[in-house]
Structure formats: structure tokens, C-alpha cells
Amino acid sequence: MEEHYTVILEKMSQLILENMPKADYSSLFNDFVESEFFLIDGDSLLVTCVCENLLKPGQSLHFFYLVERYLLDVNCKGGHFAIVFFKDAEYAYFSVPRLLTLRTALIMHLQKITDIDVWTEFSGCLSEEWRISLGQSCPYFLILADEGLNDQQTHLFNFIAIQSWAMKVNIVLFSGQTSDILRLYAYFMQSSYSEQEFFNKNWRKILMAYETLIQRLEKYRDLNLTTLFGDLKFNNMVEKACETMFLLKQLWPEGSDIRRALCVTSCSLFLEMYQCFLENREKKSSKQMCEDKQEQGSCLTLKDVEDFCKLHCLSVVFQLHLPLSQRACSRFITSAWIKDLKTVFKMKQWCDYFILSNVNMIEFWSLDFLHLSDLSDEPLLKNIAFYYENENSEGLNLNVGDVIMKEYVHLWDTVSKLVENFEVGNPFPLRTTERHFLKKTPSPIKESSQKKMPNLGFIPMSCALVDEFTGDILKELPFLKSDDPIVSSLVKHKEFDELVHWHSHRPLSDDYDRTKANFNECTRDPRYLRSVQKYHVFQRFYGNSLESVSSKLIITQGAKPKKDCSKSRSKKPRETKADRIARENKKRLIAKEEQREEQQWNTLSSSIEKEMKRNFSSGMKKLEEFLKSCKSNSVKVQAEKVGLTACLTAWKEQCRAEGETTKDFSIAVDMMKRIHSLLDKHSELLQEADQKLIARCLTCLGFDELASSLYPTQDKADDIKLKKMNKYSVGIGPARFQLQYMGHHLIREERKDPDDRVQDFIPDEWQRELLDVVDNDESAVIVAPTSSGKTYASYYCMEKVLKESDEGVVVYVSPTKALVNQVVATVQNRYTKILPAGQVVCGVFTRDYRQDALNCQVLVTVPACFEILLLAPHRQSWVKRIRYVIFDEVHCLGGEIGAEIWEHLLVMIRCPFLALSATISNPKHLTEWLQLVKSYWEKVDSAMEKTTFSKRNSGARGSHYKDQVQAKQSYKVRLVTHKERYNDLEKHICSVRQDEICFDHFHPCASLTIDHIEKYGFPSDLAFSPRESIQLYDTMLQVWESWPKAQNLCPENFTHLKNKIVIKKLDARKYEESLKEEFTNWIKNGNVEQARMVLQKLSPDFHDYSGRMLDFFPHLVEKLREMDKLPALFFLFRLSFVEGCAEEACNFLEEKEEKKRHPKADKEAHVIANRLRKLKKSLEKQQKIGHCRWCLVG
């Protein structure tokens, strides 16, 4: 048994030690989303703060300060957490009873004084209750100490770590944590398959080892108690403590402060226990010889202990009445306590623990727990003891006032009443024995006043820019005086603004000059020019591969005056003759294009119809390809009707052939998709016959009410036909069918009126707002999902600046070099412009290279390089040319590395800007801050304009510099948000079962817990697909059959879905919001168990990570290919994993290719190579003969 116990403990320690070097050091909280719920082990927090180097021993108030400082820091950073104290963890402190009291006080303080969630109901980390709680709360990680105060506590921490990993809870270490203004960094040890497998394989051994450890600690506790309290067991001491508190309640029925109550009850219990200790000692000494007598002689008498308790009561009175400022200035006694007080302290601390841990047993008694954090102050007690031993031997002769004297007498009188076994002495004199409690040392006092605190404050400096920007803030800050030693010791430097070296008079260089240039911009070497040409050809080729947009030739048109959008919409401008001609030409071109497309359709329609009859899916793909390229609405209607008819025919044939049980709804989905397109996009072009066709299709699908609402039938013969068509019905209601099977085909709410500023598509409302922002030279924070179209505003901005002049510059700031390369290629592919010699459209500047950075109109760069240019003194002429700055991925402003550079740029730029992001949690606050920055620059520019105007009026001559000619910029910062994704995202969990790749759908609700929904609701960025909304409704109805609002939220009865032929995305979103609100009400109204069952049922049946996913990476790619889900993006967070997976995929494909190769493939390849070689020789020979003939003729 002993061997197994030791072995499993060593294995656990070894596993944890192996994982520590692999821990990632990272920020615990994300910057753009709310914090995940996590746990803090309370004992780990206690041990960490107790072992803090700065902690003053014996002062509980300083300990509590360290604890609250840490928790406040976590709270301020947005942490959502609970603190857990296991009951079994208490056993680790029985050898140090001082910490037992401190732990108990900490738990009570957190529970009664703070609003932090504290869990104390769990016996141990291996209990079933704890396992269930982890499953329900789903913490992301648990913060744990890597080492305890002793080996036993370290083992307990190891058990917590192993069990947490088994429950897929990650571990964060207390050691090594650092904090800054925004983040908390720590070592993060992720739960992996190997740790989970270790726990599952050794579960019984781990449980036995844990029980053995607790049993040993319990025996050790009983041994410690027996040494001090004799025959009194743990439960006996609890009873004694409760009796003492009941007596105090009778003496102080009105209640008291916790410090007074603990002082008198602990002292009285301690005196009684010490009397018993002395009696037991005398009994033992009478049976033994002089060794024990010598030991007895070194023991404190009962009177000595009484005097010590008096000193303690007086120190508590001082704690009650002295302000902290005076206590902090008290002298420091360097003398240590005598050795004989060790037993006294232990017994007193045990009594403190028994009283404090059972204080809640007393009902209907008012205790003020506010000062739980200030229960002990050992330096103060030493001061009092030193005074009475060395400075005053005649009792209480301190001028402390009547209040303190009365308080002390009251406390000691209460102690004497609580002690029932013997008579306790009077409160005065305070010292009745000559025993010294402090050791005598040569210099026992260390005055705190001897060490002067240095003056704290800012060093005064003069800077007009700083003074103007900070304003009144500096007045509230402390500054050092000019005669302060710190200020006078500084070397004073003269103010300078030099742009050239003092000795060579060459311009000062910066990082721009030191960055390698791809090409020498001055050389005219033909080879160099050829390489430049190849570079631009490649960039355009790369850009064309990124997006299929044809290149546009930009012609400089000059700056246009701003248009008042409100007036332009209400009043149409007068049409000129040129406008009329242009309109007629455009109309003629559109008519010609329509005629061409109609001819094309007449040519292709018969072949598409035949293909749909032969292979329905293949024919539909060809039809979709044609519709994508077609622009004429009338031709689209014809094509859609052909597709609808084909769908109807195919659906009927399938239903007749296969029956109702095996219907493939993909044909029905295609049919409804055609109906959506015709009714929503082309309703004005539909004839009566078309509506009748649509009604027939709806009837065939079983949607009779929808068919009647579109085209009512009154013919009885038609009614008979409809009844026969029931065998073609899909079997579910139209609303449910559209949500469950057509989610990705639902039409978005779109504007149908075109915008003259956009030629390629019809912009949405929010996109038009972006165009207005650029037209008005305003700034904007743009928050929209990925691929929603927010980047279009960037290219519109570039095009505007390119058209205005050949001088203006747009700076595109991107966080990474990879994105920089993409944007450069896209810009070069999109725009061409004839510019003066030496100028180009697009340039790039990164830390590694630069190309046409200062002679381009669109500069694409990274933040650090843009900051270099802004701050360089001899680049200011270029800086004045900047008309717009575009910040892509502006959420990097809150990133871990380089965030301050983004902040510098946003503050320094004087021109308008566009800040783009898909993930900003607080866009409103960011916009408000940026508006304050712009308001500051507005005041600065206004003051500069007044100065320039006054100088001009005073007689100074000269032309306005170019920047003043252009229209005055706007200082307004708009917030433009768009939350709707173009496509819904559904999550799946990939796993390996029996060597097969499997995918399980993961409902978004499965990632939430009851506690999270109750406290914070559904996260704003947690969206459902329409199918997932239906899944949530069905699960709620399945769990609670008598659900009162089931009918109202049924898809067929819901207000925004009822009797709608065309259900749009917005309708599905409203249904989703109603379901979320109802589910939240379930929890708030007490139906927690039903809600928990819903979340449990929505969780995937199989979600265990096998740990072998990387080994199966090639098979995963193959599976995705079979599912037609390629191309795909794979995110791996270690470079070694990326390289390994790429190599495995390559080897897998080569092996697969080798298997499919014909056995004679190599021989055939060799034969073909020989033939090609002979053919090449023959051609070369013929060329030589032809050349000779040409020479003879010449």
C-alpha cells in the first residue's frame, strides 16, 4: 500500500513537472470579447500572498491588502471568476495554526465583505459534487500554485491539477504572473489528451492515494492537538469554543465588533486550555524523573500567560482606536519572542481558529465583520510588550486617555467572566510577573522615522506641445521643487532642433534610410528597368488572383466641392445637354447588352434543359453559372422559370419513384430558392401565368395556404387535383421548411436602388454611409464582420484621392507584412494612372524593404514604419501631403505587442482616417476617444489659421500653401457598425472514432452555462443559423411539454414567419432573438432544471478529443474533399505542427498518386521523352537548313 501511494504521487509530480516547461506565457484575458469564466484556488492565493517578499510578518492587514490588490486587478481587467476553498485543504495547515486562522478569516472576509463568488461546500477535488460542478460551470482555466508550504500541500495542489486536466480545465500558475494596465500574463498549461488519459487509466490509484494522504494529515492534526490539549479531541475543542461564544452572547446580547469578540473569547478559551495543559504536565512530571522537571521549569506559569493575554487585549484596544497612519509610524522592535512563548502562541492560534471557524454557529447575534482583515498586529503587540518590560515597570502609566483605558478594562473584565475554572487577576497592574517575553538584544529598536521617505513627484520640464495637449491634467499631479536633490542632480541639456550632423552637415538619417530599397529609383539601367517591369507584372498577377476585379484607369479630375447630401436627395440637379447624351448612350448600351444576353440564353436554354433532364444537379449548376454572369432582369426571369419548371418535374418524379420515406429535400430547396428569387427580386416582371406556376409549385410542396394567398383557386377540379398532390408534400410547414433547410439561401434585406458612386453592386445602407463619410472628408470607426464589404470604403477612398490630384497621399496601415503584400498587389491590380515622371500609384514600406514609399500616392505600410515617417523631421513635407489614413485591423490598438504605436498614430495624424475592424468589443468608447483627439486638433488648426490670417493681413505676402487651397476637412468621427454576417457560420467538432474522421454539429448554446446566461445573458456575438433556431425550439418543447409559450414561438405561428412565402434573414434573426429571450426567462423565472436539460441535449453526443488529430491530418483533408468542403483554412498554433502537417499531407498525396499510377507509367514516360527529344532535334535541323537557304538567297 505504501509503495503504491508513493509511486502514484511521484508519477503525478513527474507529469506536472514535464508540462511546466511547455507552458505558454500569455495574457489570460482576450482584448475584444468578454472574459471566460475561470476559477481561483483559494489556498493557492493564500500561499502566494503569504510567501510574498514584501509581506510584513504578523500583520494580517498587509496580507489582506495583497489579496485584495490581486483580486481588484483581475476584476478591473474584466475577469469573471469564483474562488474555491476545499475543506480537505485545511489539513495542510494544522502544523501552522497561524495560517489556519488566517485562512478562516480570509474565507469569511471574501464572503461577508466582498461580492466575490466563494465556493466552500466541496470536500475535495476528487468528490463527485466537484466533478458535477465543473461540468455545469465549465471554467476555462483554474489558477493554481505550483508549490505548497510543505510536501503535503504540494501533493494536494497536484491532485487538483490532475483532476482539472481530466475535466478539460486548463491550469494557470500563480508563479511568474505579471500585470500591466491592460493585461495579466501567466504561464498557461493546457489540458491535453495525454493528461486526460493518465487520469482515466490511474483513476482508482489516484483516489486511493488521495484518501491515504487525507488520513495521514488527519492523524497528524490529532497528534498536534494531543500535544497541546491532552485528551481533548478536535470535536471537543469545537464544543468548548461554541460554549464560550454562547456565554459571550449572554454577556453582550447587543452584539459586537469581530475583533473584540475574538479577543475575549479566544483569550478566555486559551487560559482555560493552558491551565489544563499545566495540570497534564504536572501529572506527567510526577511520574517521570528530572528530565521532565527541567522541562517543567522552562515552561511559562499561568500568571505569565495571564499577563500575555492582558498585553494582547491592550493591543486589540489600540487597533480599535488608533488610526492606520499612527500605527504605520510606530517603531519597529527587532527583539524576537522568547522560545517558551512558542507553545503559548500555538495554543492561542488554535483557539483563534476554533472560535473564528464556528462563529457562524451563533444565531441571532449581531457581529460586525468589517474588520476581519485586521485581526492581528504582531509589531504593535511587540511595542507594548517592550514598553512594559523595559520602559515602564509600574503598570499602565501611558497617557492614552480614558477611552482606551475603559475599553481595555471592559475587555479584560469580560475575559474574567468567561473563564469559569479559576479566578483571573485584575486588569491592573498589567504586568504581575518579572518574566520577559522578548529576548534582550543590543539594539532592540529600529525607528521608522530614521529612514526618510524620498519625495515623490514628477520632474518639472517645459514643453509647449505637452503642456497644450495635457491641459489642466498636469495641475493635479505632484511636481518636485527645483531645489530638490533629485532635480538638481540631473544634467541639464540645451534645447535643440537640428536636422543635420554638426560636423558633416549631412541630413540626419533614420530607419527609413537604413531600410533596404528593393530597387534603385534613380538608375536608368535597362536590366534594372526590366526587373521593375517584372515586379509590377507579378504584383498585378498576384492581385488578380486575390480578387477578380478589372483594372481601372484613373484620370485626375481635381477636388470636387462637398455635396450636401440632404439637399441633393430632395432637389435634383438641372440636367445639361452632355448629361442627356450620356444618359441616352447608357440606355442604348444597356438595351444592346440585354439583347445580347437574350440571344445567349436562347442559344443555351435548350442545352441546359436537356442537362437538367439527364442530370438534375449538373444542369442546375450550369443554370447558376449563367445567372451569375447575366445582368438583364428579363432574361433572369426566363431562366428562373425554366429552372422552376425543371425542379417541379424532378420533385414529382422523385416522389413517385422513392415514396415519402426517402425524399431528397435538395430538389425542394432548389424549387423554393427559384420562388424566392422570382417573388423578391423580379416580382414586377411576373405575369399571371407565372404566379400560377409558382402557386402550383407551392401546392405540390404541401404549402396550400401560401399558394392560395398568391393565386386563389376556385375551380373544384383544381381542388381535387390538389388533394391528390398530398403525396408530393414535404410533410412540414413552410416556415419550418425554410428555416431548417434553406438557411444559407435566405435573402438578406437589400436596397434595390443603385448608387451612382458604385458600379459593381448595389450598396447597403451602412455601406452608403461609409461612402458619405469619405465624400465629406470625415473620419469613421467601421465595425463589421469579415467579408461584409467594409474594405470597399478603403478602395473608394483611394480612388477619390487619386482622382483629386497627383500630390495627395493615402496611407494604408496594416498590422502584418503578409497583409501589406496582399493590399499592395490588390491596389496595383485595381488602379493605373498616368503620373509625372518619378511618381507611381502604389508604394510599400516595411522593416525589411521599401519600394517607392515617398513618391507614391497610395503607401501601404506597417504601424512602426508609418510612425518613423511621421516623426522624422525631414519628412514633414511628405507628411503634409497625406489626405487620408486607413487603419486596417484597428483592434490591434488593444493588442499585447505594439499597441502603443497604434495609439501614437491615431493621436498624431492630422488628416481624416478610416479605422476598420471586425472585433471591437467597445466601439462606442473608442469612437468617443477618437472624437476627443479630433476636437483637440480642431482647436489647434483653428488657432493656427487665425495666426496665419493675422500675419497675412499685416502685410506679409505670399501664396497660400497648397494644403489651404483644398476644402477644409471635417473633424467629425462617425461610428458605422454592421452586425449581420453575409453567411451564417455553423460549428462542428471533428474527432477520430475507430480510425475514421467524424464531424458532429456543435450548437452555440452548448458553449454556454446556466450561470453565464443568468448573469450576462447570451453574448452579443453568439448568433444562430436558422436551422439552429429550429433545433433550440424543438429541444425546449421536448424538455418541457407544457411550455406555456410553445404555440406562440412555433415557427408556423410566429408573427414574422406566419404565412410568408419569402422568409428573409431578418425574419429568422427576429425569431432567434425571441427564442433567446424566452430561454433567458426560463432561467430567471426558476425553470433552471429544464434549461439545464436543454443545454445538455444540445451538446454533441461525442466530443472527446482523441489526441490523434494531427496524425490523421491527411485523412481530414481527404474527408473534407469528399464532403466538397475544400478549400479550407487550418489554424495550428505552433510552427512545428504546421510544417509537420504539410509534410504528412504531401507524403499522403504522393503515396496515393503512386498507388494510382499505371505499372507501365515509367516506361511510357521514357518512350515519350525519347520521342520528344528526337522531334526537338528534327526541328532544330530544319531551322538550320532554312537559315542557310535565307543566307544563299540574300
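Per chain, residues are indexed from 1 in the order of the written sequence. Per-residue local features are limited, in this predicted model, to residues with pLDDT of at least 70; the limit for side-chain atom pairs, both in listing and counting, is 80 or more; totals at the level of whole chains, interfaces and linings are taken over all residues. The side-chain quantities take in all heavy atoms of the structure and omit both hydrogens and water.

Next up on the list: the sheet that holds strand E15 (residues 809-813). Strand pairing in a sheet relies on backbone hydrogen bonds. The paired strands run either parallel or antiparallel. In this scheme, strands are said to pair when DSSP sees at least two bridges between them. Helix and strand labels come from DSSP, where a helix needs a run of H or I of at least four residues and a strand needs a run of E of at least two; each type is numbered from the N terminus. The eight strands are arranged E18-E17-E19-E15-E20-E21-E14-E22 in an open sheet whose pairing can be described as mixed. Two strands lie at the open edges of the sheet, namely strand E18 (850-851) and strand E22 (973-977), each paired on one side alone. For this analysis, residues touch if any pair of their heavy atoms sits within 4.5 Å. Between the N-to-C directions of two axes lies an angle of 0 to 180 degrees, each axis being a line fitted to C-alpha atoms and, for a helix, fitted only over the stretch in contact. Against the sheet, helix H32 (residues 817-830) makes contact with E15, strand E17 (840-845) and strand E19 (856-861), and its axis sits at roughly 175° relative to E17, the strand it touches most.

Attention now moves to a negative patch on the surface. Residues forming no salt bridge and having over 30% relative accessible area are the ones grouped into patches, like charges within 9 Å of each other and nonpolar side chains (Val, Leu, Ile, Met, Phe, Trp, Tyr) within 5 Å. Every accessible area reported is derived by Shrake-Rupley at a probe size of 1.4 Å, with residue values counting cover from the shown protein chains alone. In the sections that follow, a salt bridge refers to a side-chain nitrogen of Lys or Arg positioned within 4 Å of a carboxyl oxygen of Asp or Glu. As used throughout, the charge tally considers Lys and Arg to be positive and Asp and Glu to be negative, leaving His and the chain termini uncounted. In this description, the location of a charge corresponds to atom NZ of lysine, CZ of arginine, CG of aspartate or CD of glutamate. A contiguous patch of negative charge on the surface is contributed by Asp1111, Glu1139, Glu1143 and Glu1144. Within the secondary structure layout, Glu1143 lies in helix H43 (residues 1135-1156). Buried, partly exposed and exposed residues are distinguished by accessible area as a fraction of the type maximum, computed with a 1.4 Å probe on protein chains only: under 20%, between the cut-offs, and over 50%, respectively. Using a relative accessible area of 52% as the deciding quantity, one classes Glu1143 as exposed.

Turning our eyes to something else, we now look at empty space enclosed by the protein. Lining residues are those with an atom within 4 Å of a point, where the points come from a 1 Å grid over the protein atoms alone and group into cavities, where a 1.4 Å probe fits but cannot get out, or pockets, open sets with protein on both sides within 12 Å along at least five of seven lines. Grid points are joined across faces, edges and corners, and a volume is the space filled by probe spheres set on the points. This structure, assessed with the given rule, holds five cavities of 30 Å³ or more. Quantified by volume, the largest cavity comes out at close to 90 Å³. Around the largest cavity sit 13 residues that line it, and Phe86, Asp88, Ala89, Leu156 and Ile160 are the ones nearest its centre. In terms of residue count, the dominant contributor to the lining of the largest cavity is helix H6 (residues 151-166) (four residues). The residue inventory of the lining of the largest cavity, partitioned by class, reads eight nonpolar, two polar and three charged. Lining the second largest cavity we find Ile16, Met20, Leu144, Ala145, Asp146, Phe157, Asn158, Ala161, Leu173 and Met189. At three residues, the largest contribution of residues to the lining of the second largest cavity is made by H6. Side-chain classes follow a simple rule in which Ala, Val, Leu, Ile, Met, Phe, Trp, Tyr, Cys and Pro form the nonpolar group, Asp, Glu, Lys and Arg form the charged group, and the remainder, Gly included, forms the polar group.

Turning next to a nonpolar patch on the surface. On the surface, a cluster of nonpolar side chains totalling about 370 Å² of accessible area is made up of Phe458, Ile473, Leu477 and Phe479. With respect to the helices and strands, Ile473 occurs in the loop between helix H17 (464-470) and helix H18 (485-488).

Below, the discussion takes up the packing of helix H40 (residues 1065-1084) against helix H41 (residues 1088-1098). Axis separation between H40 and H41 bottoms out at 7 Å; the angle between their running directions is 135°. Between H40 and H41, the angle falls in the class oblique. Between H40 and H41, the residues in contact are Phe1079, Trp1082 and Ile1083 and Val1088, Gln1090, Ala1091, Val1094 and Leu1095, respectively. Considered class by class, the residues forming the contact of H40 with H41 number seven nonpolar, one polar and no charged. By the definition adopted for this analysis, an angle is roughly parallel if under 35 degrees, roughly antiparallel if over 145, roughly perpendicular if from 65 to 115, and oblique otherwise.

Bringing the pairing of E17 into the picture now. Of all six residues that make up E17, five are buried, and the element is covered over most of its length. Direction of pairing for E17 relative to E19: parallel, over a ladder of five bridges. Residue Val844 lies in a different strand from E19, and its bridge partner there is Val860. Sheet analysis places E17 next to E18, joined by two bridges and oriented antiparallel. Each bridged residue has a counterpart across the sheet, and for Phe845 the counterpart in E18 is Arg850. Here E17 hands over to E18 after four residues, the two strands then running antiparallel side by side.

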